[in-house]
Amino acid sequence: MSSNSSTLLNEENSQGPKRNTECLESLELQTASSFQDNPLQQLQLASQEVLEKAKKSGRSKCPRCSSSRMFYCYTCFVPVETVPTKEIPTVKLPLKIDIIKHPNETDGKSTAVHAKLLAPDDVTIYKYPCIPEYEEKRHEIALIFPGPNSVSVKDIASHLQKHTEKNVCDNDDDCSREPSVKQAKIEPKEEEKSINKHISSNKSEGTRLKKIIFIDSTWNQTNKIITDERLQGLLQIELKTRKTCFWRHQKGKPDTYLSTIEAIYYFLVDYHQEILKENYKGQYDNLLFFFSFMYTLIKNAKCCAGKE
């Protein structure tokens, strides 16, 4: 991502340092009201001053591999030396996230690393085909991917429950086993109530989504991953109402096709409201900490270059 913004700024520099300086000074003086067309401006974000300073100082070394990067290393998943980890917000997620990255997806263009940087305890990135086996846990895992069988976030619980009801008795001896001698004194109604309570408890546990999977690739690359047998049978979820702000939006694709970090963010917001039934108060906004900064940086660079 940083290479894109740097290119834009370099293009502007070639048109004359004076014009570039005047343009940047003008942008710095603009108030929030000047960015009414910025759909990300209402986010409740931590201070991005550390990113502003890093932008001014230029590229820096990755503390692990020593590669020259802007803001963070997209191969080591850590901030660069000019961006102290303590100044980067940390987001706690209500479930675990696996990101399956296509091997041909360019590391520097992927937004998946944002999730790992900002929610390190809850996000794992895998490079296809090295992915986990999900068979035993498929009743508590869902995959974000649009398709004919995909459901909305609000329908997650009901679809997981159908799967659980189908299998709960197969995995529970109490459903078919005759009462033992020690259980003979239990009144029929009490026994039935006890079994139903146990099954109900299993259903409630079974309908809890514990992990969500995202595919990180161009839309033309997804077919190889989505058809992998390890992902078959998983509940698929589609985010149908959100529109992308990504500056690398793929031509010919609808604007509801989101970048990876956007998909993660919008899913969590909907999950928080529709499944957890809690008011959303910006708990996951900082997942867009880097994305929103890059969005504004690139938008401003394009403005300076006369491309908007």
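For the structure, check the block above.
Source: prediction; values computed, not measured.

Scoring rules and cut-offs
Residues numbered from 1 in each chain as written. Predicted model: local features only at pLDDT ≥ 70, side-chain atom pairs only at ≥ 80, totals over all residues. Heavy atoms only, no water. Phe/Tyr/Trp six-rings, centres within 6.5 Å; stacked < 30°, edge-to-face > 60°. Helix = DSSP H or I, 4+ residues; strand = E, 2+ residues; numbered from the N terminus. Buried < 20%, exposed > 50% of the residue type's maximum accessible area, 1.4 Å probe, protein only. Lys NZ or Arg CZ within 6 Å of the ring centre and 35° of its normal. Core = buried A, V, L, I, M, F, W, Y, C linked by side-chain atoms within 4.5 Å. Pairing = 2+ DSSP bridges.

Draft legend 1. Layout of the packing of aromatic side chains. Under the criterion given, the structure shown has 7 aromatic pairs. Aromatic side chains Tyr72 and Phe290 sit 5.2 Å apart centroid to centroid with 70° between the ring planes, which places their arrangement in the edge-to-face category. Of this pair, Tyr72 sits in strand S3 (residues 72-73) while Phe290 sits in helix H9 (residues 289-304), placing them 218 residues apart in sequence. The class of Tyr72 is buried, set by a relative accessible area of 5%. Overall, the relative accessible area of 2% leaves Phe290 in the buried class. By the ring-pair criterion, three or more aromatic residues cluster together here, those being Tyr72, Phe289 and Phe290. Between Arg69 and the ring centre of Tyr74, over which it is positioned, the NZ or CZ distance is 4.1 Å.

Draft legend 2. Examining the nonpolar core more closely. One finds Ile97, Ile212, Phe267 and Leu287 to be the most contacted residues of the largest nonpolar core, which totals 58 residues. Per element, the largest residue contribution to this core is 9 residues, and it comes from helix H8 (residues 260-274).

Draft legend 3. Representation of the pairing of strand S8 (residues 211-216). Most of S8 is tucked away, with 5 of its 6 residues classed as buried. Two elements, strand S5 (residues 96-101) and S8, share 6 bridges in a ladder whose sense is parallel. What sits directly across from Asp98, in S8, is Ile213. Bridge analysis of strand S7 (residues 141-144) against S8 gives 3 bridges, and the strand direction is parallel. Across the sheet, Leu143 pairs through a bridge with Ile213, a residue of S8.

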